[in-house]
Amino acid sequence: MKVTEHIENAKGKTLFSFEIIPPQKGKSIQELYDNIDPLMEFNPPFIDVTTSREEYIYIDKGNGLLDKKLTRMRPGTLGICASIKHKYNVDTVPHLLCGGFTKEETEYMLVDCHYLGINNVMALRGDAMKDEQSFVPKAGGNHYAVDLVKQIKDLNCGQYLHEVIDTDNKADFCIGVAGYPEKHLESPSLQSDLKRLKEKVDAGADYVVTQMFFDNSKYFAFVEKAREMGITIPIIPGIKPIAVQRHLQVLPQIFRIDLPEDLIDAVDKCKNNAEIKQVGIEWAIQQSLELKAAGVPFLHYYSMGKSENIRQIASQVF
Ligand code: FAD
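Described in the following lines is the structure provided in the data block. (Residues numbered from 1 in each chain as written. Predicted model: local features only at pLDDT ≥ 70, side-chain atom pairs only at ≥ 80, totals over all residues. Heavy atoms only, no water.)

## A closer look at the overall build of the chain
- When helices and strands are tallied, the chain shows 11 helices and 10 strands.
- Taking 318 residues into account, the globule formula puts the C-alpha radius of gyration at 20 Å, and the chain, at 20 Å, falls close to it.
- Reported as C-alpha extents along the three principal axes, the dimensions of the chain are approximately 60 × 60 × 45 Å.
- By sequence separation, contacts in the chain at least 24 residues apart represent 75% of the contacts at least 6 residues apart.
- Here the chain has roughly 15,500 Å² of accessible surface; of this, 50% comes from carbon and sulfur atoms.
- Computing the positive centroid from 37 side-chain charges and the negative centroid from 44, the chain places the two 2 Å apart. (Helix = DSSP H or I, 4+ residues; strand = E, 2+ residues; numbered from the N terminus. Rg over C-alpha atoms; globule rule 2.2 N^0.38 Å. Contact = heavy atoms within 4.5 Å. Areas by Shrake-Rupley, 256 points an atom, 1.4 Å probe, with all protein chains shown as cover. Lys, Arg positive; Asp, Glu negative; His and termini not counted. Charge placed at Lys NZ, Arg CZ, Asp CG, Glu CD.)

## Quick notes on the pattern of salt bridges
- Considering all chains together, one arrives at 13 salt bridges under this definition.
- Lys-85 is the partner of Asp-91 in a salt bridge, and the nearest nitrogen-oxygen pair spans 3.9 Å.
- A cluster of three or more residues bridged by salt bridges with shared partners is formed by Arg-53, Glu-54 and Arg-72. (Salt bridge = Lys/Arg side-chain N within 4 Å of Asp/Glu carboxyl O.)

## Some words on the site of the ligand
- Residues in close proximity to the ligand total 22 residues, the closest being Thr-51, Asp-127, Tyr-180, His-184 and Lys-200.
- A distance of 2.8 Å separates an oxygen atom of the ligand from a polar side-chain atom of His-95.
- Separating a nitrogen atom of the ligand from a side-chain N or O atom of Arg-196 is a distance of 3.3 Å.
- If one sorts the elements of the shell around the ligand by residue count, helix H6 (residues 190-203) sits on top with 3 residues.
- Across the shell around the ligand, the residue classes tally to 9 nonpolar, 7 polar and 6 charged. (Near = heavy atom within 4 Å. Polar contact = N/O pair within 3.5 Å; in protein donor to acceptor, adjacent residues only side chain to side chain. Nonpolar A, V, L, I, M, F, W, Y, C, P; charged D, E, K, R; others polar.)

## Observations concerning the nonpolar core
- Judged by nonpolar contacts, the single largest core of 62 residues is most densely connected at Ile-20, Ile-36, Ile-84, Ile-152 and Tyr-301.
- Once you skip the residues sitting within four places of it in the chain, Ile-20 turns out to touch Leu-32, Ile-36, Ile-47, Asp-48, Val-49, Thr-50, Ile-80, Ile-84 and Ser-303.
- With 30 residues, the next largest nonpolar core counts Val-3, Met-122, Tyr-180 and Ile-242 among its residues. (Core = buried A, V, L, I, M, F, W, Y, C linked by side-chain atoms within 4.5 Å. Buried < 20%, exposed > 50% of the residue type's maximum accessible area, 1.4 Å probe, protein only.)

## A few points about the side chain of His-184
- Along the polypeptide, His-184 turns up in the loop between strand S7 (174-179) and H6.
- The contact partners of His-184, leaving out residues within four places of it in the chain, are Arg-125 and Asp-193.

## Description of a nonpolar patch on the surface
- Together, Tyr-56, Tyr-58, Leu-66 and Leu-70 line one region of the surface with nonpolar side chains, adding up to about 420 Å² of accessible area.
- Broken down by secondary-structure element, the contributors of at least two residues to the nonpolar patch are strand S3 (55-60) and strand S4 (66-71).
- With respect to the element layout, Leu-70 can be found in strand S4.
- Judged by its relative accessible area of 48%, Leu-70 is partly exposed. (Patch = residues over 30% accessible without salt bridge, like charges linked within 9 Å, V, L, I, M, F, W, Y side chains within 5 Å.)

## A short note on the sheet that holds strand S9 (residues 235-239)
- An order of S1-S2-S5-S6-S7-S8-S9-S10 is seen for the 8 strands of this closed barrel, with the pairing classed as parallel. For this sheet, the mean angle separating the axes of adjacent strands, direction not counted, is 30°.
- Each of strand S1 (15-20), strand S2 (46-49), strand S5 (91-97), strand S6 (120-124), S7, strand S8 (207-212), S9 and strand S10 (298-302) is contacted by helix H1 (residues 3-10), which is oriented at about 135° to S10, the strand it contacts most.
- Along the sheet, helix H4 (residues 103-116) contacts S5 and S6; its crossing angle with S5, the most-contacted strand, is approximately 175°. (Pairing = 2+ DSSP bridges. Axes fitted to C-alpha atoms, helices over the stretch in contact; angles between N-to-C directions.)

## Quick word on the packing of aromatic side chains
- Here the structure, examined in full by the defined rule, presents 8 aromatic pairs.
- When the ring of Phe-16 is compared with that of Phe-42, the centres are 5.6 Å apart and the planes differ by 65°; the resulting orientation is edge-to-face. On the criterion of sequence distance, the pair formed by Phe-16 in strand S1 and Phe-42 in the loop between helix H2 (30-36) and S2 is long-range, its members being 26 residues apart.
- With relative accessibility at 11%, the residue Phe-42 sits in the buried group.
- Relative to Phe-298, the ring of Phe-46 lies with its centre 4.8 Å away and its plane at 55°, an arrangement referred to as tilted. You can see Phe-46 sitting in strand S2 and its partner Phe-298 sitting in strand S10, a full 252 residues away along the chain.
- Between Lys-68 and the ring centre of Tyr-56, over which it is positioned, the NZ or CZ distance is 4.1 Å. (Phe/Tyr/Trp six-rings, centres within 6.5 Å; stacked < 30°, edge-to-face > 60°. Lys NZ or Arg CZ within 6 Å of the ring centre and 35° of its normal.)

See the structure below:
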């Protein structure tokens, strides 16, 4: 079922969903299942599976020289989506990236999704590679998420890259896109970023999932501005619990988000990681309860492959 259909069927009730990242290459999928199992009691209608960009690794050739090779550390997004869908009988949402993929590769991925009965996808640009100053699309790839949305929307109409296919077996993807309550890090202003979001919506996006935020007022203001701009599709808040001291530095650095002073103070007072984890859980519970009371369609949790804190939050909220 489409994410938007889950929202319609819920008739105003807030639903639970979460996001996982594929295991590192060579690791077992069992670890992923062990983290998904405890969350199934909260009946997630869908689970997102992220896609990681390729990166360069340097292999010692043994003669003092290094070989530069391109590799993907966490492959397997679509395989994981298929296996979770089959094992748990839930919808899965693979993340599709512009970065690192040609339009043809994206088309084949969409064809695979269609065969697998996966009819929700998240359309994302992806970040620049580690050694790039700014995002560079792969030759023959989409540049912005809006271009990827257009490609998916075309395919829904039977318009493939190089041919129009008139068939009864058309795909009908429900398309999610990213939104940034504190603006995307490259954007000159929130207003300008919202205009870009509107372009994604006008191109055919069906729902938005937000970047993590720790101050609900940022989300509420974002939704209000988006509505004023004519964006009427569901805007699903993304929640991530703080789990370690390092999050105070890396989350603002990576995502250019602000952390509330009260949260920073509470983490600073902690004597160990267990206490920090507890602060993160309690903060996320408060955030979730307020968002639920405001009638958000879903609470979407960034699990980063660990479910214990998400389970504790969900048990207080759902
Ligand atoms: P876009 O919507 O293309 O926007 C990127 C930037 O370009 C913005 O600053 C925007 O304002 C600007 N822009 C957009 N269109 C134009 C235009 N026509 N001209 C000029 N500027 C423009 N990353 C991963 O690698 N894998 C994942 O699985 C993943 N999942 C994510 C899930 C969610 C819910 C979120 C919020 C983010 C996720 N990301 C993921 C991170 C995401 O890929 C990055 O934030 C990326 O830098 C931007 O992606 P986007 O889809 O928002 O890009």
